[in-house]
Amino acid sequence: MQSQIKKRILIPAASMAFVSFLSAALIILSVFYSRHQYLFTYAPAAFTESSEELRNPYCGFYSMYGYTLSDNKPVSAQAVQSHIRDAADRPLALLQINLRQFASRDLTDSALAQLDLLLSAWEQYSDCHLILRFLYDWDGQASYNEPRSEHLILRHIDQTTGIVNRYSQTVYIVQGIFVGNYGEMHGSAHLNDSAIRRLTQHLADALEPSIFLSVRTPQHWRTAVQSFDPILDSAAWDGSTASRLGLFNDGMLGSATDLGTYADSRKALLPDAKAASDYSVKGSRSEELDFQDRLCRYVPNGGEAVTANPYNDFPAAVAAFTQMHISYLNAHHDDHVLKKWELATYEGDDCFQGMDGLRYIERHLGYRYTIVNSSLAYTKRGKGPAVCNLTLANRGFAVCYRPLRAELILRHTQTGECYTMSFDTDTRLWSAGDEVTLTLPLDGNAYEPGSYTVYFRLTDEASDTQIRLANTLTMDEAFGYPIAALQLQK
């Protein structure tokens, strides 16, 4: 499909050193299309994978902060400022919002104003995207601390989401359905199958559609959605509850069952449950890992790695995170597990060789895109347009679950004139461990003759943040990554 071209004039910048280097050091591919009488000379850059930390949106280690809404003791502005400073080097922050003081009544205007001020401060003064967890309990006594009435919980969902939706560009995920010990969906009187369905659906309906939700276990996901089958490409991002519902696991790798997340069994349990339409059955570890492998290609998965044991030894953790498609982890819990990873060494033969295990895991949380190759060729045996091909690999555990804008920019090295074209691709389908080749036709008649630097730019559409790639190339904040030098003659 012919992409539209946006043309704008920019102040020229010095890029002759880059062009001279490529001309001298790289193999040059020249192609000629006689019918239109123009000549392209295309010199791709050397694409070397980088092991550096990228700090891209929506993935990585997060810090966690707790706040209590009340009428008589406002959230401390000083504490919020301290938390924002503390989280400055992280892409994510998890905010726990405790509603315990309203377990028998509606949230007041004062409490809702506190929530509004809190989210406003994080949006204004922090670059973090937020994971929110509303709860009533920090003591492991949910049955005592949370409302007796489900109707009141539904009312609190309506009240809080009215504020949360104002910050949909900053709020990434809402974890849990307000109930359970520590908000983790256990130990509550409101967790029978019908209550899980009602609370999850009500929360999904109340939240702005771009905000993801997460439940504690695959069992909860199946109960809420009433399906044994994870979503497929055809249903991904269709706005349904299933297409927005991910997982959070705060018992991750803590035992053979992830501390009760899975059934204590090695045999297959889900086939019989499926035959009986019993969505509340927990699967075995292998079944639930397979379920997450399929589901979390489309929705986020994260949490806390806890309790040092063989299941979270570094090689085992990498294998599990790869299958679970983990995007985010608590940066401070469990310290024993994090220290074990820090003392481990990655022994592969790639650019990460010799890196400690903690840094290796950090660099693979979520998505990690690297350019592998680029070329220019004519199609249809020389009778079609010139086509730029760009191949990228995703080295991360997961994908970016929000869409990214992929663009090619031709910048004239003498005049600064730019031509910006968009690739026709859905970046949410750039699966972990796979490669994708993007193609874009280039019509030489549409551009002025001369020398160009070719850039590739990947941008988060929600925050307008440029995505950093795992290449040794230097990113230009305005244009992206220089992937080639191009000469056009007519």
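This text goes with the structure placed above it.
Residues numbered from 1 in each chain as written. Predicted model: local features only at pLDDT ≥ 70, side-chain atom pairs only at ≥ 80, totals over all residues. Heavy atoms only, no water.

Observations regarding the packing of aromatic side chains
Step number 1: Summed over the entire model, instances satisfying the criterion amount to 20 aromatic pairs.
Step number 2: A ring pair is formed by Phe352 and Tyr360, whose centres lie 5.4 Å apart and whose planes are at 85 degrees; its orientation type is edge-to-face.
Step number 3: Judged by its relative accessible area of 1%, Phe352 falls in the buried class.
Step number 4: When the centroid spacing of 5.2 Å and the interplanar angle of 80 degrees are considered together, the rings of Tyr369 and Trp430 count as edge-to-face. Of this pair, Tyr369 sits in strand 12 (residues 369-378) while Trp430 sits in the loop between strand 15 (417-422) and strand 16 (435-442); the two residues are 61 residues apart in sequence, bridging distant segments of the chain. (Phe/Tyr/Trp six-rings, centres within 6.5 Å; stacked < 30°, edge-to-face > 60°. Buried < 20%, exposed > 50% of the residue type's maximum accessible area, 1.4 Å probe, protein only. Helix = DSSP H or I, 4+ residues; strand = E, 2+ residues; numbered from the N terminus.)

Things to note about the layout of surface pockets
Step number 1: Each pocket or cavity is described by its volume, and for the largest pocket that value is around 430 Å³.
Step number 2: Among the residues forming the lining of the largest pocket, the class breakdown is six nonpolar, eight polar and five charged.
Step number 3: The volume enclosed by the second largest pocket comes to roughly 330 Å³.
Step number 4: Lining the second largest pocket are 19 residues, with Glu53, Gly60, Phe61, Glu362 and Arg363 sitting closest to its centre.
Step number 5: Elements supplying a minimum of two residues to the lining of the second largest pocket: strand 4 (60-68) and helix 13 (357-364).
Step number 6: In terms of residues, the lining of the second largest pocket owes the most to one element, helix 13, which gives four residues.
Step number 7: In terms of residue class, the lining of the second largest pocket is made up of nine nonpolar, two polar and eight charged. (1 Å grid on protein atoms, 1.4 Å probe; cavity = no way out; pocket = protein on both sides within 12 Å on 5 of 7 lines; lining within 4 Å. Points joined across faces, edges and corners; volume = space filled by probe spheres on them. Nonpolar A, V, L, I, M, F, W, Y, C, P; charged D, E, K, R; others polar.)

Topic: the packing of helix 12 (residues 335-343) against helix 13
Step number 1: Where helix 12 meets helix 13, the closest approach of the two axes is 5 Å, and the angle between their N-to-C directions is 105 degrees. The angle between helix 12 and helix 13 places the two elements in the roughly perpendicular class. Along its contact with helix 12, which presents Leu338, Trp341 and Glu342, the element helix 13 presents Gly357, Leu358 and Ile361.
Step number 2: Grouping the amino acids of the contact of helix 12 with helix 13 by side-chain chemistry returns four nonpolar, one polar and one charged. (Axes fitted to C-alpha atoms, helices over the stretch in contact; angles between N-to-C directions. Parallel < 35°, antiparallel > 145°, perpendicular 65-115°, else oblique. Contact = heavy atoms within 4.5 Å.)

Re helix 10 (residues 285-295)
Owing to its 3.6 residues per turn, the α-helix brings residues three or four apart onto one side.
Step number 1: Burial within helix 10 is extensive, with eight of its eleven residues counted as buried.
Step number 2: Residues of helix 10 that are buried: Arg285, Glu287, Glu288, Leu289, Phe291, Gln292, Asp293 and Leu295.
Step number 3: Taken together, the buried residues of helix 10 touch helix 7 (218-225), strand 9 (245-252), helix 9 (270-275), strand 10 (301-305) and helix 11 (314-324).

Some thoughts on the side chain of Glu304
Step number 1: Along the chain, the position of Glu304 falls in strand 10.
Step number 2: Here Glu304 is buried and forms no salt bridge, its nearest opposite-charge partner Arg133 lying at an N-O distance of 5.8 Å.
Step number 3: A polar contact of 3.0 Å, which involves the side chain of Glu304, links it to the side chain of Asn330.
Step number 4: In contact with Glu304, other than residues within four places in its own chain, are Tyr62, Met64, Asn249, Asp250, Gly251, Met252, Asn330 and His333. (Lys, Arg positive; Asp, Glu negative; His and termini not counted. Salt bridge = Lys/Arg side-chain N within 4 Å of Asp/Glu carboxyl O. Polar contact = N/O pair within 3.5 Å; in protein donor to acceptor, adjacent residues only side chain to side chain.)

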